Every structure is written in structure tokens, then in C-alpha cells.
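Report on the structure
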Amino acid sequence: MTSSQHKFLPATRILLECLGDTIDAFSMASLKRQLSAATALLAENPPIDVAVLGQFKAGKSSLLNSLIDRDVLPVGAIPVTTVVTRLQYGATERALIRHFDGHVTAAPLSSVGDYTSEAKNPGNGKKVEIVDIELPSLMRLPGLRLVDTPGLGSVFKYHQSTSANWLPSVGTALLAVSSDRPLSENDLNLIRELSAYTPNIVLLLTKADLLSEAQQKEVIVFFSETLKRELRRTLPVYLYSIKDQTGQYRKVIEEDICQTLCANRNEEFLRILNHKTRSLAASCMGYLRIALQASHTADQNRANLHSRILDEKVNEGLMREELGIMAREHQRRTRPLIENYLAPFLSPLTKTVREKLERELPSWSGNLWKLSRRYESWVSETLSEEMRRISKTEQRHFLGTLQKAHAGFSRSLEAFRKSLSDNIENVLGTKLKPVEWKIDVVEPDSPDISFTKTFDIHLDLIWFLIPMFLFRKVFERHFLQGLPKEVEINLSRLAFQWEKSINIAIDTMFRQAVSYVSEELATVEAQITRTRGQTENIKQAVLRIENMINSSPA
Ligand SMILES: Nc1nc2c(ncn2[C@@H]2O[C@H](COP(=O)(O)OP(=O)(O)OP(=O)(O)O)[C@@H](O)[C@H]2O)c(=O)[nH]1
Ligand SMILES: [Mg+2]
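Structure report, in brief. Counting starts from 1 at the beginning of each chain's written sequence and moves along it residue by residue. Here the convention is simple: chains get letters from A, ligands get numbers from 1, in the order in which they are written. Thresholds applied to this predicted model are a pLDDT of at least 70 for local features of residues and 80 or more for the giving and counting of side-chain atom pairs; totals over whole chains, interfaces and linings are not thresholded and use all residues. Note: side-chain values were computed over all heavy atoms of the structure, leaving out hydrogens and water.

Considering the coordination of the magnesium ion (ligand 2)
Note that water is not among the atoms used; donors are N, O and S atoms within 2.8 Å of the metal (3.2 Å for Na, K and Ca), so sites may look incomplete. Distances from the magnesium ion (ligand 2) to its protein donors, Ser61 (OG) and Thr81 (OG1), fall at 2.0 Å. Here the residue Ser61 occupies a position in helix α3 (residues 60-68), and Thr81 occupies one in the loop between α3 and β2 (85-89), the gap between them amounting to 20 residues. An identical accessibility class is assigned to Ser61 and Thr81; each is buried. By the criteria applied, helices consist of DSSP H or I runs no shorter than four residues and strands consist of E runs no shorter than two, each listed in order from the N terminus. Exposure categories follow from relative accessible area, calculated using a 1.4 Å probe and restricted to protein chains: below 20% of the type maximum is buried, above 50% is exposed, and the middle band is partly exposed.

Following this line, the structure appears as C-alpha cells:
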């Protein structure tokens, strides 16, 4: 192997490994055979397989017998060859019968037909994978293996598939075309297929003895024109006959094809391996392009689904805004509503408390300081008691805005879910399972009502200067006059405390409603995007292979 060839080998090896990974990752089953043929060549560095291929009865086995000058391979007027048979140099002549189950037996050359002919091994009942024949005379073709293959196009479909399966291993292809059937559509298809596996394809016009010299020339021109027209390429054409001028034909083939290959065996081997690898890469890229297109389409469909299912009617931001406006609107109305309910209590309550105080006052004794403390604690207890009572009896009226907000939230959520459900049904044809979105109304407990000191009197600081027997009436009046203000302040505080509790409850409902919406949207969105496209992975694989192709020998 020359140093320049060595230089290319690692690039081919890396490309082949990368192709192996890609073929596995993208399940390209149809390329596995081609991959393993190329990988085996790289790993085993076997002789170059010079294979004779073609339609049944083209004279393939006869030609090979003629080349080795021995009648080893079975021939006949009906489809014969049923097993791929390789001929190469060996110190002693023998045949090795390799079975599919891995076991190998040696056999005399005379019995080769027992395994490779349809007559003696019908339908390959003997389960022979390949027959290797070793001949001392093939020393003249070192590094080569001549390969006989079952014919294509016969009634024995098995022959066809045996050859087709072996095809990826071909080194140089000699396509045998019989003079009585010059170049059929099948031959053209075979050339197309072979082009993926080898750069070396040669046409052999067999049974040349059946044609006059003029006819031979005519056929050769026909070959060249057909190939140009159908395949846009030319191929070398050689003649052969086992009946006429055999020695001459054999000499040309041996020298032009076999000896040339032998002389450049390593370069040729790498050229063939590189050809197989690049052609495998091209097939792999073809599939990747399909995958990429499919993935693009899937991405677009997904994006399309996404926008049709999650359209503006089921937009999370808008829902949040709508629910927020609703919450604030009801919260704004809470205070006036409560105050409205409490307003009628002001004067009867003032009156009741005043009468109570008037009844109480005469029994209070002591100096101004004591009197003031007594008044304070009396007002505190009495009003707290009253506030609690009002709170209890009127509570259900205070909850008005809470209930309205609840109804509003429920209606909005219902409309939202209906839009989402309709979208899903229109786009995917499947219904969203109805769920009960229940907004809990957490009714606030009665607020903590306690009297805080509002009795603003500084006189009690100088109680020891004031003679109570003179001023008691004045202070009693003062206490009674202060009552309406105390009642008003307490009612207002009660309204404030209820407002606070109710608006907190509205906030809680708002948050619950928003979280229903956002969780539902997140769930639906996850389902739509779950089967994420492979687009990025595929693009990476395409890039990787393209780079490697560019850095491996052309
Ligand atoms: N006239 C003439 N007949 C030939 C020549 N070569 C082969 N034949 C005949 O063609 C027939 C088929 O030959 P085979 O060698 O068995 O052909 P094959 O291509 O191996 O056939 P399969 O193994 O069935 O695909 C036999 O009857 C041969 O005698 C030739 O050069 N000239
Ligand atoms: Mg044959």
C-alpha cells in the first residue's frame, strides 16, 4: 500500500464508522447489507472479488471454467449455478463449503457441483452460503478472487436474491451479456445497481462465436449507444467465447483486467472501498434528506396545530387580565356595599347605647380618673359586643361581592375551557375531557373587633384638682356626647375589616382561577409539542457526513 493510500484510509474508516452510527440511529435497514460489506472489506482486507454477473445462461460459469482452464463449475442448458462460488490461489486444490450456520467442510473439486448446481442442490437445500475453491494455478492472479454467481432473471427467484445479497461485496464486476440476448433492461438495471458498489464495471459479450465479426461490431456499437443514452456513461466491452478464439479472448481479459488489478491490488482495493463508502454515504444522505423534510413538515404541522389550538381566545395573558379586571371591579364595590348595609344601624345603635349609658352612669362612683377609665372600658365592651352582633346577623349581606366575583370567575373559566375544547375538537377531532373547575369561596370569619381608645380627654390628668360633686354632671354630658362618634368609628372599622377579609378572599379566588388556566394551557401545550421534531439531530448528521465526504478521497 503506498503512503498516499495509507493517508486516505483513516478518512474512509471514520466516514464508515459515522455512517454506521447514522444508519443505526435512523433505522436505515436497507443500507445494512451495504454497510456490513464495506465494513468487512475494511476489517479483513480480503482479495479483490472479480465477479462474473449477469442474466441466467449468459455463460458465466463456462467463462470462468475457461479462464481457469478446468471444468470445476457446473454448467448447463438450464439455470444451473445456485451458490456464489469464489476461486482463488491455494497451495493445494480443494473446495471449502461454507454453510449458513458457520460450519465449513472441505470437498474435492469434482464434487463442487453437488453444492453449487440447482440439479444436485435444489433450492440450496444444503444451506450453503458460499463455496471457496482453491487452485494452485491461480498463483498467477495474487490478491484476486474470481467469483461465479447465480444468474438473474430465471424462474429460480432464489438465484436472483442470492446474487443480489452478495452484490455489495463485489470488487470488479464483469457483466456477462450473451450474444443472443444483447443488453436487456435487466442488464441496465444491474449496471445501475452495481454502480453503487464498484467503480470497475466491464461488459463481457459472451458466446461471441454466435455472431459474425460484423455482427459483433454492430453489438458493440449498440452497447455503447444504449449505455450513453440510458446511463450517460460508457463501459469497456470485451468479447469471449469458449468455442472460438478462446485463447485470444482469454489473454486479453487476463492481461487487461486481471493482471492490471493484481499489479495495483492495494490501490484498487482502496479505490473500491472508497467508492462503496461514498456511495453508501450518498444513499444515507438521501434518506437523511427525506427524514429532514418529514421532520420539517412535522415541525410545521406542530406549529400550525399549536397556533390553531392555542389561539387568541385561549391566551393566558388575556385571561389573566380579564380575571384581574373582574377581581378589582368587585373588590372596588365591596366597601360601598358593606357601608350601605351598615349605615342604617348608626342612629338606632347610638340611641340604644346612649340609653344604656344613661342607665349605667348613676351607679359609677369615684374621681374623674376612675370615671374616665370606667367609661372607656364600658364603651369598648358594649360596642365590641354590638359590632359582633351586627357582624353575625349581617354577614351574609357583606358576602355579596365575593359571590358575584365567584360567579364571574366561574363564567370566565367555563367560556375559556369551552373555547379550548372547541379548538381541540376542530383541529384534532378529539374532545377534551370535561372537568369541574371549582373555585372555592372561602368565607372570611368575622373580623376581630376590638375597641381602641378613642376617648380623647386630658382632664383626667388633673383629676385631683377637680371637685367631682361640682362637675360630675358636666362629665356625664361629655361622655354621652362622645358616644355617636364612637359608634360611627366602630361601624366604619367593622366595614373596613370586612372589606379587607372579603377582598383577600377575592384575591385567593383570582389566583386559583389563573392557575387553572395556566396549568391547563401548559398541559395541552406539552401534549402538542411532546413529539418534538428530530430536525436538529438530522441536520447535525447531514453536516457531519458532508464534512467527512469532503475530507475523504474523491
Ligand atoms: N455457443 C456458445 N455457448 C456457450 C458459451 N458459453 C456457454 N455456452 C453455453 O451456454 C449455456 C449456459 O452456460 P453456463 O455457463 O451454465 O451459463 P451461466 O451463466 O453460468 O448460467 P446460470 O448459472 O444458470 O446463470 C451452456 O449450455 C453452455 O454450453 C460460448 O462461448 N458459446
Ligand atoms: Mg452458472
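Now that the structure has been shown, the text picks up again.
As for the nonpolar core
For the purposes of this section, nonpolar cores are sets of buried Ala, Val, Leu, Ile, Met, Phe, Trp, Tyr and Cys residues that join through side-chain atoms within 4.5 Å. Counting 95 residues, the largest nonpolar core has Leu87, Ile133, Ile191 and Ile545 as the members making the most contacts within it. The element best represented in this core is helix α9 (residues 265-309), accounting for 10 residues. Not counting the four nearest positions on each side in its chain, Ile191 is found in contact with Leu175, Ile201, Leu203, Leu227, Leu231 and Leu235. Leu349, Trp437, Val487 and Met509 belong to the second-largest nonpolar core, a separate cluster that totals 57 residues. The contact definition used throughout considers only heavy atoms, calling two residues in contact when any of these lie within 4.5 Å.

Some points on unusual backbone geometry
At Lys207, a position not held by glycine, the phi torsion is positive, near 55 degrees. The phi torsion at Gln245 lies on the positive side, around 50 degrees, for a residue other than glycine.

Details of the sheet that holds strand β1 (residues 48-54)
The strand order across the open sheet built from 9 strands is β4-β3-β5-β2-β6-β1-β7-β8-β9, with neighbouring strands paired in mixed fashion. Two strands lie at the open edges of the sheet, namely β4 (104-107) and β9 (237-239), each paired on one side alone. For this sheet the average axis-to-axis angle between neighbouring strands, irrespective of direction, equals 25 degrees. With 5 bridges joining them, β2 and strand β5 (residues 128-135) adopt parallel strand pairing. The residue bridging Tyr89 from the neighbouring strand is Leu135, located in β5. Lines fitted to the C-alpha atoms define the axes, with helices restricted to the stretch that makes contact. Angles between their N-to-C directions range from 0 to 180 degrees. Together, β1, β7 (172-178) and β8 (200-206) form the strand contacts of α9, whose direction differs from that of β1 by roughly 60 degrees. Pairing between strands is defined by DSSP: at least two bridges between them are needed.

Considering the pairing of β5
Counting buried positions along β5 yields 7 of 8 residues, so the element is predominantly enclosed. As judged from the 6 bridges shared by strand β3 (residues 94-99) and β5, these two strands associate in the antiparallel manner. Of the residues in β5, the one forming a bridge with Arg94 is Glu134.

Brief notes about the site of ligand 1
We define proximity as follows: a residue is near a molecule or strand when any one of its heavy atoms falls within 4 Å of that partner. Taken together, 20 residues lie near ligand 1, and Lys57, Lys60, Ser62, Val80 and Thr81 sit nearest. Gly76 has a polar backbone atom sitting 3.1 Å from an oxygen atom of ligand 1. The separation between a nitrogen atom of ligand 1 and a polar side-chain atom of Asp209 is 2.8 Å. Each accessible area is a Shrake-Rupley estimate made with a 1.4 Å probe; only the visible protein chains count as cover when residues are assessed. Expressed as a share of its isolated accessible area of 650 Å², the protein-covered part of ligand 1 is 88%. Definition of a polar contact: a pair of N or O atoms within 3.5 Å, with one able to donate and the other able to accept a hydrogen when the atoms are protein atoms, and with sequence-neighbouring residues admitted only if both atoms are side-chain atoms.

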